[in-house]
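# Coordinate analysis (summary)
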Amino acid sequence: MFAASNHHGVSTGNMPNDQTPVTASTGTSTPASLRGEEPEIQQDQSVTFGLVCPGFLSALCQLLCNLLTLAAEDVQPLLCKEDLLQSLLRLIDVDSLMNKDKKTRKSHLHLACTLDMYANILKLTLQCLIHDSTDDTAMQQQIVVDKALMHRLVKVFNTKIQDLDEVSCHGAWKQTFLLLTALLQQRDVSALCPLLTALSINWEELTDVICECIKSTDLSVYITSLHFFSALLSKSVRLPGRETGHMKITIKSVIDRPLNKGAASDMSAARTSGAMLATLLLSEHDKHLNHLMSPEKTAAVQALRCLVGVSNTAKHTALAGGLMETLVEQLKDLHTQLTLQGLDKKSSSSKRHTLLMELKETFNLLNCLVFQSDEAKMAAVDNHLSSVVFNLWAWCQLEKSVLDALLSLLCSFTANNSAGSTSMVYCPAVDGSIVHQKTHTNNCLAHSIVKLASEEQVRMASNLRIPRLTFQLLCNMAIAGECRNVMLKTNFLQGFLSLPAIKKNIKQQRIRQSLWLNLLVCLSISSDAQQALLKLKDSVDMLLEFSTSSLASQQEAAMLVIRNLCFHPANKSKLLSHEKLLDHVTEVLSASAGIHSQHIVISAIWALACNNQKGKATLKRRVLGTLQDFENQLPHNHYNVNILKDLQNVIALLSK
C-alpha cells in the first residue's frame, strides 16, 4: 500500500494497523468510515465502490500534483471532466473526525493520517487553481460559492494540538491557509460571502489557530498564517457584510467583538480578538526589529499593519504597547544608517535599497496606525514625527515608492488634525534626546512639500500619483494658519496662473487644473487666503473661465472659490466691479446648469449683498429680475427645499 510522504514524490511503505479504510465512490455522501460506521454496500451496478486508506489517497493526491506540474494542460481537463476534485473535497469532514464520543473516537495515528490526507487534498486543489486556464478562473468561482465546502474548510481549524499530533495539525492548517488565501483573490467580491460567513461563525477558533501559528517554531506555518490573515484583512475593506436579522456582520465588527459572549457589555480592548492578536504581533515586531527585510519580519509587519488599519481595539492596544515610540525611534535609526551608508564610499547600492525598503514599510505601518485615529495622531505629534520625517526627506526622494509611502502617511496624519499640520512648520531643534523650544524656520517640512508641489506641477509625468498625494496633503495642511502662510508668502500660488487654457483637452493638464482648483477651494475658506487670491493678477478671469469648463467638477470647484472670495468685505467692491462676473452669474441662473452650481451662485450673491448697501443696489439692478424668474421656474418639491429657502432670503434682501 501507499503511505503519505512529505515530498512531492511518492514513497512506498506498509499500511499502519490503525489506518481505517476510506470508502471512495462517485456519490456525494460522507464516507461511512469517517463517521465511525461500517460502510454500507449498495447493489447499484452503476456505482463502483472501493475501500482505500487515508494514506493511499494522500499518495494519490501527491501523484496528481506531480502530474499537474509536468503536464497541466493534459491533466487539468481530465480532473474537471471526471469531477475527481469535488469528490476528494467531499471527504473533508472534521466534525466526524473530531467526534467527542470516546467509544467511536479513532486512534491518534488514524487521526494524523486522515489530517495528512486532508492536507494533500487541499494541496491538490490549490495546484488545480494555479493551473486553471479557464476564463475568469471558473474553478475558483465554483469552489468559493460552495457554502457547505467553505464551512468544512474553515472547520479544519477546529483541530487542536492537544488532541492531535502537532505536525499533522500544522500541515492541515498550512494547506488550508494557502487555499483560502488563493480564494480571497477572487475578483467578484460578492462571491466571497460564503467564505465570510464561515469565517465569522468560526472566528474565535480561527483566532486561536492564528495565535498558535504565531507562537509556533515552524517558520512555514508562521508565515503562511500571517499571509492569510493579511489577505483577509486587506480584502475585508471591500468584503460585503453578512446580513443577520437587522445587523450586518463584517470582519471589522467580528474582530472587535468581545471574546466572552456572556459579557457583551464589557467592551474592554483586552477581551477582543483584535487586541489579543495585536499583543502577539507587537511582540513579534519588536523581536524582529533589527532584522532587515527578513521573511518573518515582513510577514509580521504586514499582518500588524493590516490589523491596526481595520481594528480599533488593536490600534488602541498597539498604542498602549508603545508602537508609536518604537516606530519613531526606528525612523531615527534608519536615518543614521542611511547617513553612514552615504559616507561610506565602499557601501553597495543594494544595502541602501534595503534600508529604503525598510523605511517604506515603516511609513506604511505608521500610516495604518494614524489612519482615522485622533489618539495615534496626537501620539505622533508628541513624538515629533514631523521633525524625524523632515530629516529623512532627502532620502525619500531617491525612491518614488518611498516618497509615495511618506506622502500617504502625511495625508493620514494631517487629515482633520490642525496640531499635526502646525507641527510641520514648527520643527523643534533636537539635541540628542533633549527636545528644545519649538522654533519657526523657513527650512521645514511644510516648505519642502510646497517646493515638491511646485516641481511636480512643472514636470507632471505620466505617474500622477505623487502630484495627487502632494496636492491632497496641501489641502489638509490648509486648515492650519501657519501652513497657509507658507503657501501664501511664497510664489507658490503663481503656479495657478501658469495653468494652460481649458481648451487644451489633454488628460494630464485637466488633472493638473483639478488639483489646483481643489486646493484653492480649501485655501479660500480663510480670510487671509481670500485677500491673497484676489490680489493675483487675472485670478478672477481664470476662475470664470474654469466655471465654463466641460467638466462639472471643475465648474463647481471654480464657482466655490468665487463664492468664498465674496465673503471677504474688502473683496466685494472689486468683484462687483468686474465686468464679467455678474454676467456669468445671470447666465448660470438662466441656463440649464446643474442645480448645485446654481445654488452656489445664489449663495455668492447673498454674500455680496450682506452688509454691503452699495453692492445691494447694484445687485438689485442687475440680477434681481433673474432671481425672480429662476424662482418661478424652479420646481417646488422636497429636492429643492434648501435652494428655495436661500433664494427667497436673497430676493427679500435685495427687495428692501
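Just so you know, these numbers come straight off a predicted model, no measurement behind them.

Conventions and cut-offs
- The numbering scheme is per chain: residues are counted from 1 as the chain's sequence reads.
- Local features in a predicted model are, by the rule used here, given only for residues with pLDDT of at least 70; side-chain atom pairs are given and counted only at 80 or more, and totals for whole chains, interfaces and linings are based on all residues.
- In computing side-chain properties, one takes all heavy atoms of the structure into account and sets aside hydrogens as well as water.
- Helix and strand labels come from DSSP, where a helix needs a run of H or I of at least four residues and a strand needs a run of E of at least two; each type is numbered from the N terminus.
- Remark: exposure states derive from per-residue accessible area (1.4 Å probe, protein chains only) relative to the maximum for the residue type, with buried under 20%, exposed over 50%, and partly exposed in between.
- Should any heavy atoms of two residues lie within 4.5 Å, those residues are counted as being in contact.
- Accessible surface is estimated by sampling points in the Shrake-Rupley manner with a 1.4 Å probe; for residues, cover comes only from the protein chains shown.
- Take the number of residues in a helix, subtract one, and multiply by 1.5 Å to get its expected span.
- Aromatic rings from Phe, Tyr and Trp, taking only the six-membered ring of Trp, are treated as a pair when their centres fall within 6.5 Å; an angle between ring planes under 30 degrees marks them as stacked, one over 60 as edge-to-face, and anything in between as tilted.
- Between the N-to-C directions of two axes lies an angle of 0 to 180 degrees, each axis being a line fitted to C-alpha atoms and, for a helix, fitted only over the stretch in contact.
- Roughly parallel here means an angle under 35 degrees, roughly antiparallel means over 145, roughly perpendicular means 65 to 115, and every remaining angle is called oblique.
- Classes in brief: Ala, Val, Leu, Ile, Met, Phe, Trp, Tyr, Cys and Pro nonpolar; Asp, Glu, Lys and Arg charged; the others, Gly included, polar.
- Less than a right angle of anticlockwise turn of the near helix away from the far helix marks a crossing as left-handed, whereas a clockwise turn marks it as right-handed.
- Scored from 0 to 100, pLDDT records how confident the predictor is in each individual residue.
- In this description, the term disulfide denotes a pair of cysteine sulfurs within 2.5 Å.

Looking only at helices and strands, the chain features 35 helices and 8 strands. In the chain, which comprises 656 residues, the proportion classed as buried is 52%. Here the analysis covers contacts within the chain between residues at least 6 apart in sequence; of these, 73% occur between residues at least 24 apart. Element-wise, carbon and sulfur atoms account for 52% of the exposed surface of the chain, whose accessible area totals about 31100 Å².

For the rest of this paragraph, the subject is helix H35 (residues 641-655). Taking 1.5 Å of rise per residue, 15 residues should cover 21 Å, and H35 covers 21 Å from first to last C-alpha, within 8% of that figure. Among the residues of H35, those classed as buried are Ile 643, Leu 644, Asp 646, Leu 647, Val 650, Ile 651, Leu 653 and Leu 654. Looking at the buried positions of H35, the neighbouring elements they touch are helix H32 (595-609), helix H33 (613-622) and helix H34 (624-633).

The next thing to look at is the packing of aromatic side chains. What the rule picks out here adds up to 7 aromatic pairs. On the basis of an interplanar angle of 70° and a centroid distance of 5.5 Å, the ring pair of Phe 471 and Trp 516 is categorised as edge-to-face. Of this pair, Phe 471 sits in helix H23 (residues 465-477) while Trp 516 is found in helix H26 (residues 507-523), placing the two residues 45 residues apart along the sequence. Look at Phe 471 and you get buried, because its relative accessible area is 2%. What makes Trp 516 buried here is its relative accessible area of 0%. Seen in terms of ring centroids, Phe 496 and Trp 516 are 6.2 Å apart; in terms of plane orientation they differ by 50°. Their pairing is tilted. Here Phe 496, found in helix H25 (residues 494-497), pairs with Trp 516, found in helix H26; they are 20 residues apart in sequence, far enough to count as distant.

At their nearest, the axes of H23 and H26 sit 9 Å apart, and the two run at 10° to each other. In terms of orientation, H23 lies roughly parallel with respect to H26. Contact residues: H23 offers Pro 467, Arg 468, Phe 471, Leu 474 and Cys 475, while H26 offers Ile 511, Leu 515, Trp 516, Asn 518, Leu 519 and Cys 522. Looking at the contact of H23 with H26 residue by residue, the classes come out as 9 nonpolar, 1 polar and 1 charged.

A few words on the packing of helix H16 (residues 323-343) against helix H17 (residues 349-370). For any two helices packed against each other, the geometry comes down to the angle between their axes and how far apart the axes lie. Put simply, H16 and H17 touch, their axes get as near as 10 Å, and they point 160° apart. Judged by the inter-axis angle, H16 sits roughly antiparallel to H17. With respect to the hand of their crossing, H16 and H17 are arranged in left-handed fashion. Between H16, through Leu 323, Met 324, Leu 327, Gln 330, Leu 331, Leu 334, Gln 337, Leu 338 and Gln 341, and H17, the contact on the second element is made entirely by Lys 351, Arg 352, Leu 355, Leu 356, Glu 358, Leu 359, Thr 362, Phe 363, Leu 365, Leu 366, Leu 369 and Val 370. Along the lines of polarity and charge, the residues of the contact of H16 with H17 split into 14 nonpolar, 4 polar and 3 charged.

Relative to the helices and strands, Ser 597 resides in helix H32. Residue contacts for Ser 597: discarding those within four places in its chain leaves Glu 556 and Val 588.

This part is about helix H10 (residues 203-215). If you check H10, its first and last C-alpha atoms are 18 Å apart, about what 13 residues at 1.5 Å a residue would give, namely 18 Å. All of the buried residues in H10 are Trp 203, Leu 206, Thr 207, Val 209, Ile 210, Cys 211, Cys 213 and Ile 214. On its buried face, H10 sits against helix H8 (166-183), helix H9 (193-201), helix H11 (219-236), helix H12 (251-255) and helix H13 (273-287).

Here the chain averages 83 in pLDDT, while 82% of its residues score no lower than 70. In the model, residues 1-20 has pLDDT below 50 throughout and makes 45 contacts with residues more than four positions away in sequence or in other chains. Within the model, pLDDT remains below 50 along residues 23-43, and this stretch shows 36 contacts once partners closer than five positions in the same chain are excluded.

Throughout the structure, instances matching the rule amount to 0 disulfides. You can see Cys 306 has no disulfide; the closest cysteine sulfur is in Cys 368, sitting 6.6 Å from it. Overall, the relative accessible area of 11% leaves Cys 306 in the buried class. In this structure Cys 475 is not part of a disulfide, and its nearest cysteine sulfur, from Cys 522, lies 3.9 Å away.

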